[in-house]
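In case you want the letters, here they are:
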Amino acid sequence: MLGRLNHVALAVPDLTAAVAAYRNTLGAHVAEPLALPEHGVTVVFVDVGNTKIELLEPLGEGSPIAAFLEKSPSGGMHHLCYEVEDILAARDQLKAAGARVLGDGNPKLGAHGKPVLFLHPKDFFGTLIELEQS
Ligand SMILES: CC[C@H](C(=O)O)C(=O)SCCNC(=O)CCNC(=O)[C@H](O)C(C)(C)COP(=O)(O)OP(=O)(O)OC[C@H]1O[C@@H](n2cnc3c(N)ncnc32)[C@H](O)[C@@H]1OP(=O)(O)O
Ligand SMILES: [Co+2]
């Protein structure tokens, strides 16, 4: 089922500061911020060659990462995103195996304009998993 690691997401309290640190201190290739109001975040992708780092900042009320940042005010690793060839087949296989698919279970378009789903962190040893259709 799992393909390549598409990105590792880091929730940050201040996206501007995180972009400056990655661009200037770490010398990384940093893309422009992308507001995703339907997901309650603003994201910036950092290309590190073999995968991407997704820097996430809350956007608007009720952001799904607000509670995470309340628990970890300086930020932290938020989720891993794996690519899957067929996200609906993957979803059905995971549900049949008893995994919890978050939301209404239907894929939404993510930051790359491809369908994504999330799996509950409690079902995967404390790590929030995102699946993105490759
Ligand atoms: C899709 C656009 C973009 C992209 O890449 O294309 C993105 O990635 S957007 C990313 C932001 N969107 C999401 O994260 C959507 C999925 N997330 C959720 O549905 C919630 O955040 C959820 C259910 C994971 C947690 O919700 P909430 O924080 O309100 O619930 P709790 O505080 O009750 O947490 C329950 C339990 O889970 C632990 N938890 C929460 N978040 C994480 C996390 N990121 N990693 C690991 N564990 C997490 C939390 O600590 C609670 O544990 P407990 O031991 O019960 O205290
Ligand atoms: Co993501």
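This is a predicted model, so every value here is computed, not measured.

Draft legend 1. Looking closely at the coordination of the cobalt ion (ligand 2). All of the protein donors around the cobalt ion (ligand 2) are H7 (NE2), E54 (OE), H79 (NE2) and E130 (OE); their distances to the metal are 2.1 to 2.4 Å. Considering all six donor atoms around the cobalt ion (ligand 2), the spread of angles at the metal, 77 to 170 degrees, places the coordination shape in the octahedral class. Along the chain, the residues donating to the cobalt ion (ligand 2) fall in the pattern H-x46-E-x24-H-x50-E. Pair noted here: H7 is in strand β1 (residues 2-11) and E130 is in strand β9 (residues 128-133), with a separation of 123 residues, a long-range link. Relative accessible area serves as the criterion here: at 1%, H7 is assigned to the buried category. By relative accessible area, which is 6% here, E130 ends up buried.

Draft legend 2. Fine view of the site of ligand 1. Surrounding ligand 1, one finds 22 residues, the nearest of these being E54, H78, H79, A111 and K122. Between P64 and ligand 1, the recorded distance is 3.3 Å, taken from a backbone N or O atom to an oxygen atom. With respect to ligand 1, the side chain of H79 contributes an N or O atom lying 3.0 Å from an oxygen atom. Taking 1,100 Å² as the accessible area of ligand 1 by itself, protein coverage stands at 70%. If one sorts the elements of the shell around ligand 1 by residue count, helix α2 (residues 66-71) sits on top with three residues. A per-class count over the shell around ligand 1 returns 12 nonpolar, six polar and four charged.

Draft legend 3. Expanded view of the pairing of strand β6 (residues 76-84). The element β6 is largely enclosed, with a buried count of seven among its nine residues. Sheet analysis places β6 next to β9, joined by six bridges and oriented parallel. When the bridges of β9 are listed, E83 appears paired with E132.

Draft legend 4. Region of interest: the environment of L109. Looking at the element boundaries, L109 is found in strand β7 (residues 108-109). Along the primary structure L109 and I129 are separated by 20 residues, whereas in three dimensions their C-alpha atoms are 16 Å apart. If we ignore the near neighbours within four places in the chain, the residues touching L109 are H39, K114 and P115.

Draft legend 5. View of the pairing of β9. β9 sits mainly inside the fold: five of its six residues count as buried. Two elements, strand β8 (residues 115-119) and β9, share four bridges in a ladder whose sense is antiparallel. For F118, the partnering residue across the bridge sits in β9 and is E130.

Draft legend 6. Looking closely at unusual backbone geometry. Positioned with a positive phi, F125 is a non-glycine residue whose angle comes to about 55 degrees. Following the sequence through the fold, F125 ends up in the loop between β8 and β9.

Draft legend 7. Geometry of the UniProt feature "domain: VOC" (unreviewed entry) in the protein. This chain's UniProt record puts "domain: VOC" (unreviewed entry) on residues 4-134. Across residues 4-134 one finds 21% helix and 37% strand; the C-alpha atoms that close the span lie 9 Å apart.

Rules used throughout
- Residues numbered from 1 in each chain as written.
- Chains lettered and ligands numbered in written order.
- Predicted model: local features only at pLDDT ≥ 70, side-chain atom pairs only at ≥ 80, totals over all residues.
- Heavy atoms only, no water.
- Donors = N, O, S within 2.8 Å, 3.2 Å for Na, K, Ca; no water.
- Tetrahedral: all angles 85-135°; square planar, octahedral: opposite > 155°, others 65-115°.
- Helix = DSSP H or I, 4+ residues; strand = E, 2+ residues; numbered from the N terminus.
- Buried < 20%, exposed > 50% of the residue type's maximum accessible area, 1.4 Å probe, protein only.
- Near = heavy atom within 4 Å.
- Polar contact = N/O pair within 3.5 Å; in protein donor to acceptor, adjacent residues only side chain to side chain.
- Areas by Shrake-Rupley, 256 points an atom, 1.4 Å probe, with all protein chains shown as cover.
- Nonpolar A, V, L, I, M, F, W, Y, C, P; charged D, E, K, R; others polar.
- Pairing = 2+ DSSP bridges.
- Contact = heavy atoms within 4.5 Å.
- UniProt positions renumbered as here; feature names shortened; annotations may be inferred.

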